[in-house]
Amino acid sequence: MNRLLGVQYLRAVAALGVVAFHAAERAGGHFVIGAAGVDIFFVVSGFIMWVIAEIRHPTPAAFLRDRVERIAPAYWIATGVMVAGGLAGLFPNMRLTAFHVFGSLAFLPHRSPSDGQIWPVLVQGWTLNYELFFYVLFAFVLMLAAGRRLLVLACLFAGLIAAGLLLQPQDAVLMTYTSPLLLEFLLGCCIGKLWLEGRIPTAMTGMALIVSAVVGFAFVGVTYSGFNAFILGPLAGALLIGVLVLEKSGFMPRVASAGYLGDASYSIYLWHTMAISVVAKLGAVLSWPPSITFGMAVVCGTAVGLAAYELLEKPIAAFFKSRRHRRERRLVI
């Protein structure tokens, strides 16, 4: 997957979009379309999971273990920092309860005691509740014959979403697990299947898809019309297909900095809001213009994420990789 430069670039764009969204919000402005970075993340996640499963053929248990090792430790550390900050009084509006902390660490959708919204202590962690649920369902379909997996996954998601639209549940768990956002993972899986089968359009069509997706995102961002999974999901899918087409056609340039940002996108996503909060408070004290606050928030939010990538995410990944190698050697012996 590291050879797919375009996918890494999309991850970088998605992460920076979310950073800009939160930075603008704290600076008193708005960059609402930046929140669509989440939709891109979800589609890309479905694509990557499908391709990994088809290439590596992991067992369901091994797949889930690898996914948990990938996302959980860094998230737990970031959540722990937020809890410590809340207990120290650094976040006056934060209310902590034992269940709120436990539910956050367990990836359990629940309502925050601070404002009643469905998100954990680390607010952006709400997307990880969707990710883990997708991983569980995906691990389930891995037990099936390869030819039936996509159909069963589609039926599961369609049934859940239909139930949500019909019943309109208010419970946090049911609202999350019946959300139309699940369709974005399924879309990514479908694109992964098409990619592996070589069934992708021509380079000209790929360029048209990218342009259409960019125009579509811009339209939604300007008009606030269609800001939902039924619109943003297909736009993210079109963007991914277009990038894959350019990749296969040999038109994807190698940009080291963009690839690095893609590698660090998860850490940027996890840690950026903490730096943005500090910059926003500093900007208020020093009476910075909103544009300065916004720019500094984006830079500092990204920088903190990059530092976390180097100091936390990479060492954690190396630790689990080393442990897997030791386990595999024991099995061979």
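The structure we're discussing is the one just above.
Remember, it's a predicted structure, so these values are computed and weren't measured experimentally.

K.L.:
Explain unusual backbone geometry here, please?
P.N.:
For residues that are not glycine, phi is negative in most cases, and the peptide bond is trans in most cases. At Phe107, a position not held by glycine, the phi torsion is positive, near 60 degrees. Tracing the sequence through the fold places Phe107 in the loop between α4 (98–105) and α5 (126–141). A positive phi angle, near 55 degrees, is found at Ser287, a position not held by glycine. With respect to the secondary-structure elements, Ser287 resides in the loop between α12 (265–286) and α13 (290–332). A relative accessible area of 60% means that Ser287 is categorised as exposed.

K.L.:
What should I look at first to understand the environment of Gly164 in this one?
P.N.:
On the secondary structure map, Gly164 appears in helix α6 (residues 149–167). Distance from Gly164 to Leu174, taken between C-alpha atoms, is 7.6 Å for residues 10 residues apart in sequence. Residues in contact with Gly164, not counting those within four places in the same chain, are Pro169 and Thr178.

K.L.:
Whenever I open this one, the pattern of salt bridges confuses me. Can you help?
P.N.:
For side chains bearing opposite charge, pairing can occur when the charged atoms are close. Here the structure, examined in full by the defined rule, presents nine salt bridges. Of the charged contacts in the structure, one is a salt bridge between Lys193 and Glu197, with a shortest N-O distance of 2.8 Å. In this structure, Lys314 and Glu310 form a salt bridge, with 3.2 Å as the shortest nitrogen-oxygen distance. Of this pair, Lys314 and Glu310 are both found in helix α13, four residues apart, which corresponds to roughly one turn of the helix. Judged by its relative accessible area of 36%, Lys314 is partly exposed. When its relative accessible area of 33% is taken as the criterion, Glu310 is described as partly exposed.

Rules used throughout
- Residue positions are given per chain, counted from 1 along the sequence in the order it is written.
- Only residues with pLDDT of at least 70 get local features here, since the model is predicted, and only at 80 or more are side-chain atom pairs given and counted; chain-wide, interface and lining totals rely on the full set of residues.
- Hydrogens and waters are ignored; side-chain quantities use all the structure's heavy atoms.
- Helix and strand definitions follow DSSP, with helices as H or I runs of at least four residues and strands as E runs of at least two, each counted in order from the N terminus.
- Partly exposed residues are those whose accessible area sits between 20% and 50% of the maximum for their type, while under 20% is buried and over 50% is exposed, using a 1.4 Å probe and protein chains only.
- Contacts: residue pairs with any heavy atoms within 4.5 Å of one another.
- By definition, a salt bridge exists where a carboxyl oxygen of Asp or Glu is found within 4 Å of a side-chain nitrogen of Lys or Arg.

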